[in-house]
Every structure is written in C-alpha cells, then in structure tokens.
Amino acid sequence: MENSDSLYILFASGKYYFFVPVSWVKKITDGNVQEEEIPVVSLFGEELVPTDGQYRYRIYVEGKDTCFGIEADKAVGIRSLEEGQMIPLGAPVINEHNKYLQAVVPAMVDEQQIMGFVLNPEYLIGK
C-alpha cells in the first residue's frame, strides 16, 4: 500500500496541470455548484477559465482551520510522487504571488508528456 503522504491528485485547470496532496483533499464535487461560505481560489487568474466558461469539478482542500475550493476542468487521477521526481522551484520563478507552487513533476497524460505544478496548500490558505 502506498504511503498517503506520497499520493497526489493530478488535475487540470485551463492549460495547466497541478498535483495536490490527497491528504489535504476533503472532497471533489460538480464544478458548477458552489457551496456557500467556502471560498474558491484562483491559481493563475483569468488564464484558467475554460473556453466554455464552465468548470467540471471543484476540489475542496481542507487545512487545520479552513476550507477552500480549487476549480478544475479535468481530473486525471491519483499519482504517487516521490521527492526525487519533484523538480523544486525557486526564485525568480517563485515570488510573493505564487509561493503556493512547490515544484514541477513530469508526467504522462493521454500519451503526452506534461509538467505538473505541485501545490503547497499551506500557502494557498492565505491566498
């Protein structure tokens, strides 16, 4: 059985792919229905809006004292990631506006090589 700390949900928002730790995910719901009083985080702003303006999924991430949603238009699945697979991001890529990006990981999706951003939910809480 996989170590739950190494399990991540791989999803796409717009033209970008992201990994979020499974241990932080509370639930995944229909993206067109927003639960009241739960804020939704925009990772890269307007660049993520799908061409039809609709998101298929909302991934709810829960921390110690907060819960928020991340909009996604494709849920790829669960992947096991080890530290050695992650390529850390630092300055000048990471700045005050995107500290929630921790690393990138190469992955195969639909027979294509992609680079997925590993999210650090602790920094998203303050976003």
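Owing to the predicted nature of the structure, the values given are computational and were not obtained by experimental measurement. (Residues numbered from 1 in each chain as written. Predicted model: local features only at pLDDT ≥ 70, side-chain atom pairs only at ≥ 80, totals over all residues. Heavy atoms only, no water.)

1. Points about unusual backbone geometry
Then, in step 1: Looking along the chain, the bond that leaves alanine 91 and enters proline 92 is cis, with omega of 5°.
Then, in step 2: With respect to the helices and strands, proline 92 occurs in the loop between strand E8 (87-88) and strand E9 (101-109).
Then, in step 3: Here aspartate 110, not a glycine, exhibits a phi torsion of approximately 50°, which is positive.
Then, in step 4: Inspection of the secondary structure puts aspartate 110 in the loop between E9 and strand E10 (112-119).
Then, in step 5: Judged by its relative accessible area of 60%, aspartate 110 is exposed.
Then, in step 6: Of note, glutamate 111 is a non-glycine position whose phi angle comes to about 65°, a positive value.
Then, in step 7: Taking the relative accessible area as the measure of exposure, glutamate 111 reaches 78% and is therefore exposed. (Helix = DSSP H or I, 4+ residues; strand = E, 2+ residues; numbered from the N terminus. Buried < 20%, exposed > 50% of the residue type's maximum accessible area, 1.4 Å probe, protein only.)

2. Some thoughts on the environment of glutamate 62
Then, in step 1: Mapped onto the elements of the fold, glutamate 62 is located in strand E5 (residues 57-62).
Then, in step 2: Taking the relative accessible area as the measure of exposure, glutamate 62 reaches 39% and is therefore partly exposed.
Then, in step 3: For the pair glutamate 62 and glutamate 122, spaced 60 residues apart in the sequence, the C-alpha separation amounts to 9.8 Å.
Then, in step 4: Residue contacts for glutamate 62: discarding those within four places in its chain leaves Trp24, Lys26 and Cys67. (Contact = heavy atoms within 4.5 Å.)

3. Digging into the sheet that holds strand E4 (residues 40-41)
Paired through backbone hydrogen bonds, the strands of a sheet run either parallel or antiparallel to each other.
Then, in step 1: Overall, mixed pairing links the 4 strands, which are arranged E3-E5-E6-E4 in an open sheet. The sheet terminates laterally at strand E3 (25-30) and E4, the two strands that pair on one side only.
Then, in step 2: Pairing analysis gives 5 bridges linking E3 to E5, with the strands arranged antiparallel. Following the sheet pairing, lysine 27 is matched in E5 by tyrosine 60. (Pairing = 2+ DSSP bridges.)

4. Topic: the side chain of asparagine 98
Then, in step 1: In this structure, asparagine 98 sits in the loop between E8 and E9.
Then, in step 2: With a relative accessible area of 12%, asparagine 98 lands in the buried category.

5. Details of the sheet that holds E8
Then, in step 1: Spatial ordering of the open sheet is given by E7-E1-E2-E10-E9-E8, a layout of 6 strands whose pairing is mixed. In this open sheet, the two edge strands, each paired with only one partner strand, are strand E7 (74-80) and E8.
Then, in step 2: As paired elements, strand E1 (residues 7-13) and strand E2 (residues 16-21) share 6 bridges and run antiparallel to each other. Counterpart to tyrosine 8 in the pairing with E2 is proline 21.

6. Examining the pairing of E9
Then, in step 1: Where E8 lies against E9, 2 bridges are found, and the strand directions are antiparallel. Residue pairing in the sheet places isoleucine 87 in a bridge with valine 104 of E9.
Then, in step 2: Here 8 bridges tie E9 to E10, and the two strands are oriented antiparallel to one another. Bridge pairing in E10 links valine 105 to glycine 116.
Then, in step 3: Linking two consecutive strands that pair antiparallel, namely E9 and E10, is a turn of 2 residues; a positive phi of about 50° is found at aspartate 110 within it.

Keep in mind these values describe shape, not function.
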